[in-house]
Amino acid sequence: MPLAYPPFKTCPCGSGHSYAHCCGPAHDGSRPAPTPEALMRSRYSAYALGNAAYVLATWHPDTRPANLHLNPATRYLSLKVYEASGNEVEFSAALQVNRGERYVLRERSLFEQLEGRWVYVDDITPPTLDAPEG
């Protein structure tokens with residue numbers, strides 16, 4: 001079950017906007033993500049909030065897994081978008097797993113419009129998972 005998130009708080013995706021004016025409308029179905037970057041940000045926020053249903057609903061049916069289990073002990077710490085061009089978005093997500101280890105996932109993702117809505121297709125480059133420097 002997704003975590004309740006106050007609409008006035010800053011969105012988990014790091015846009016600087018409130019959740020109500022960023023990923024919230026995509027999550028509640030009132031406004032689909034208008035661009036691949038917006039969809040990627042809303043998916044990141046959905047992972048951070050434990051909203052597996054949204055993640056699956058925004059995954060292309062040809063590449064979507066049958067089910068998705070999100071580990072509630074994983075904490076999503078930050079998102080950085082490096083490039084958003086056409087139907088591709090390159091980003092990194094910092095996360096902390098249940099034993100306190102921190103990692104950075106970096107990926108270039110491919111998106112496609114399907115029936116007028118953007119969906120995540122797959123990663124273009126294999127995602128990397130590295131311990132953060134420092």
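Note that the structure is a prediction, hence the values are computed from the model and not measured. (Residues numbered from 1 in each chain as written. Predicted model: local features only at pLDDT ≥ 70, side-chain atom pairs only at ≥ 80, totals over all residues. Heavy atoms only, no water.)

Okay, the nonpolar core next. In this structure, Cys 13 and Phe 111 are the most contacted members of the largest nonpolar core, which totals 23 residues. Sorting the residues of this core by element identifies α2 (36-49), α3 (52-57), β2 (88-96) and β4 (117-130) as the ones contributing at least two each. The element best represented in this core is α2, accounting for 5 residues. Residue contacts for Phe 111: discarding those within four places in its chain leaves Pro 36, Leu 39, Met 40, Asn 87, Val 89, Trp 118, Val 119, Tyr 120 and Val 121. (Core = buried A, V, L, I, M, F, W, Y, C linked by side-chain atoms within 4.5 Å. Buried < 20%, exposed > 50% of the residue type's maximum accessible area, 1.4 Å probe, protein only. Helix = DSSP H or I, 4+ residues; strand = E, 2+ residues; numbered from the N terminus. Contact = heavy atoms within 4.5 Å.)

Under the defined criterion, the tally for this structure stands at 0 disulfides. Residue Cys 13 stays outside any disulfide, its sulfur separated by 3.6 Å from that of Cys 22, the closest cysteine. Residue Cys 13 is classed as buried on the basis of its relative accessible area of 0%. Unpaired in this structure, Cys 23 has its nearest cysteine sulfur neighbour in Cys 11, at a distance of 3.5 Å. On the basis of relative accessible area, Cys 23 is assigned to the buried category, the value being 2%. (Disulfide = S-S within 2.5 Å.)

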